[in-house]
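Report on the structure
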Amino acid sequence: MEWQTNKVTNLRLAVARLDGLILHPGETFSYWKLIGKPSKRKGYKEGMVLFLGQIGSDIGGGLCQLSNLIFWMTLHTPLTVVERYRHSHDVFPDSNRTQPFGSGATCAYPHRDLMVRNDTDQAFQLCLHVGEENLEGEWRSVCPPCYAYEIVEKEHRIDQASWGGYIRHNALYRKMYDLDGQFVDEQFLFTNDAIMMYSPLLPN
């Protein structure tokens with residue numbers, strides 16, 4: 001319970017640095033450059049972190065939830081993700097999963113950053129809010145969108161490694177539709193490979 005409370009505190013501090021950001025044409029957004037180093041002096045508390053598949057705690061823990069949200073929202077815009085990292089280990093099974101495997105963006109100050117570039121001809125504003133139960137956000141622009149986007153998973157498989165464990169693989173693609181719902185294009189985004197920290201086999 002304490003970790004959960006601390007995560008909310010950490011998220012509110014980080015959101016205060018990012019909410020309202022305007023990303024102009026040609027500019028690049030850096031998650032860590034804007035937030036800075038999470039420290040006790042700034043009010044950050046210990047929260048849950050994942051490192052090499054192990055659950056632990058560190059100052060500023062829980063901020064991956066914010067980078068996950070920003071990354072997922074960005075995939076549904078014409079903005080360009082220029083730097084993103086994913087956890088090297090798959091820690092939790094797919095129960096209640098609402099997004100494709102591998103669609104998050106982990107963060108670790110200062111080396112694992114999330115960076116987004118605006119290659120369009122209009123400005124975008126990042127809006128974030130820590131609600132009563134959920135972390136909320138959106139990218140806004142003055143002009144209405146030209147396309148709608150859908151993130152889909154392909155090439156999903158689980159391979160047994162030579163050392164006896166399992167590695168999960170997939171590829172994510174983005175489908176584009178015009179505002180009438182007609183398919184326009186499909187773009188490859190990236191592949192994911194992660195060591196599984198749970199058994200992929202169902203018990204008898």
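Look above for the structure.
Notes on the structure follow. (Residues numbered from 1 in each chain as written. Predicted model: local features only at pLDDT ≥ 70, side-chain atom pairs only at ≥ 80, totals over all residues. Heavy atoms only, no water.)

Quick look at the overall build of the protein chain
Tallying secondary structure elements over the protein chain gives three helices and 12 strands in all. Summarising its shape, the C-alpha atoms of the protein chain cover approximately 55 × 50 × 30 Å along the three principal directions. Each of the 204 residues in the protein chain was classed as buried or not, and the buried ones make up 39%. Residue pairs at least 24 apart in sequence account for 64% of intrachain contacts in the protein chain once pairs closer than 6 positions are excluded. In the protein chain, 20 side chains carry a positive charge and 24 a negative one; their mean positions are 8 Å apart. (Helix = DSSP H or I, 4+ residues; strand = E, 2+ residues; numbered from the N terminus. Buried < 20%, exposed > 50% of the residue type's maximum accessible area, 1.4 Å probe, protein only. Contact = heavy atoms within 4.5 Å. Lys, Arg positive; Asp, Glu negative; His and termini not counted. Charge placed at Lys NZ, Arg CZ, Asp CG, Glu CD.)

A short note on the nonpolar core
Grouped together as the largest cluster of nonpolar side chains are 33 residues, with contacts concentrated most on Leu18, Phe29, Tyr31, Leu66, Ile70, Leu126 and Leu128. Elements with a contribution of two residues or more to this core: α1 (2–18), α2 (31–35), α3 (64–74), β8 (124–130) and β9 (135–141). When residues of this core are assigned to their parent elements, the largest contribution, six residues, is made by α3. If sequence neighbours within four positions are ignored, leucine 66 has contacts with Leu11, Ala14, Val15, Leu18, Tyr31, Leu128 and Leu135. (Core = buried A, V, L, I, M, F, W, Y, C linked by side-chain atoms within 4.5 Å.)

Some words on the pattern of salt bridges
Under the counting rule described, the total for this entry stands at four salt bridges. Where arginine 140 meets glutamate 138, a salt bridge forms, and the shortest distance between an N and an O atom there is 2.8 Å. Residue arginine 140 is classed as partly exposed on the basis of its relative accessible area of 43%. Of the charged contacts in the structure, one is a salt bridge between lysine 154 and glutamate 186, with a shortest N-O distance of 2.7 Å. Pair noted here: lysine 154 is in strand β10 (residues 147–160) and glutamate 186 is in strand β12 (residues 183–196), with a separation of 32 residues, a long-range link. (Salt bridge = Lys/Arg side-chain N within 4 Å of Asp/Glu carboxyl O.)

Some remarks on the sheet that holds β9
With antiparallel pairing, the three strands of this open sheet are ordered in space as β1-β8-β9. Both outer strands of the open sheet, β1 (22–23) and β9, are each paired with one neighbouring strand and no more. Both β1 and β8 contribute to a ladder of two bridges, which runs antiparallel. Directly across from isoleucine 22, in β8, lies its bridge partner glutamine 125. Across the sheet, α3 is in contact with β8 and β9; its angle to β9 comes to roughly 35°. (Pairing = 2+ DSSP bridges. Axes fitted to C-alpha atoms, helices over the stretch in contact; angles between N-to-C directions.)

Remarks on the state of the cysteines
Taken as a whole and assessed by the stated rule, the structure comprises zero disulfides. Unpaired in this structure, cysteine 127 has its nearest cysteine sulfur neighbour in cysteine 143, at a distance of 16 Å. A relative accessible area of 13% means that cysteine 127 is categorised as buried. (Disulfide = S-S within 2.5 Å.)

Here's the deal with the environment of alanine 14
Among the structural elements, alanine 14 can be located in helix α1. Remark: the alpha-carbon pair of alanine 14 and tyrosine 31, spanning 17 residues in sequence, is separated by 9.5 Å. For alanine 14, the residues in contact, after removing those within four places along its chain, are Ile35, Tyr44, Leu63 and Leu66.

What about α3?
Counting buried residues along α3, eight of its 11 residues qualify, which places the element largely inside the surrounding structure. Those residues of α3 not exposed but buried are Leu66, Ser67, Leu69, Ile70, Phe71, Trp72, Met73 and Thr74.

Notes on a nonpolar patch on the surface
On the surface, a nonpolar cluster with roughly 280 Å² of combined accessible area is contributed by Met48, Ile55 and Phe92. Assignment of secondary structure puts isoleucine 55 in strand β4 (residues 54–59). (Patch = residues over 30% accessible without salt bridge, like charges linked within 9 Å, V, L, I, M, F, W, Y side chains within 5 Å. Areas by Shrake-Rupley, 256 points an atom, 1.4 Å probe, with all protein chains shown as cover.)

Some words on unusual backbone geometry
Of note, the amide linkage connecting tyrosine 109 to proline 110 takes the cis form, showing an omega dihedral of -5°. Here proline 110 shows up in the loop between β6 (89–90) and β7 (115–117). Even without glycine at this site, glutamate 155 takes up a positive phi of about 60°. Judged by its relative accessible area of 44%, glutamate 155 is partly exposed.

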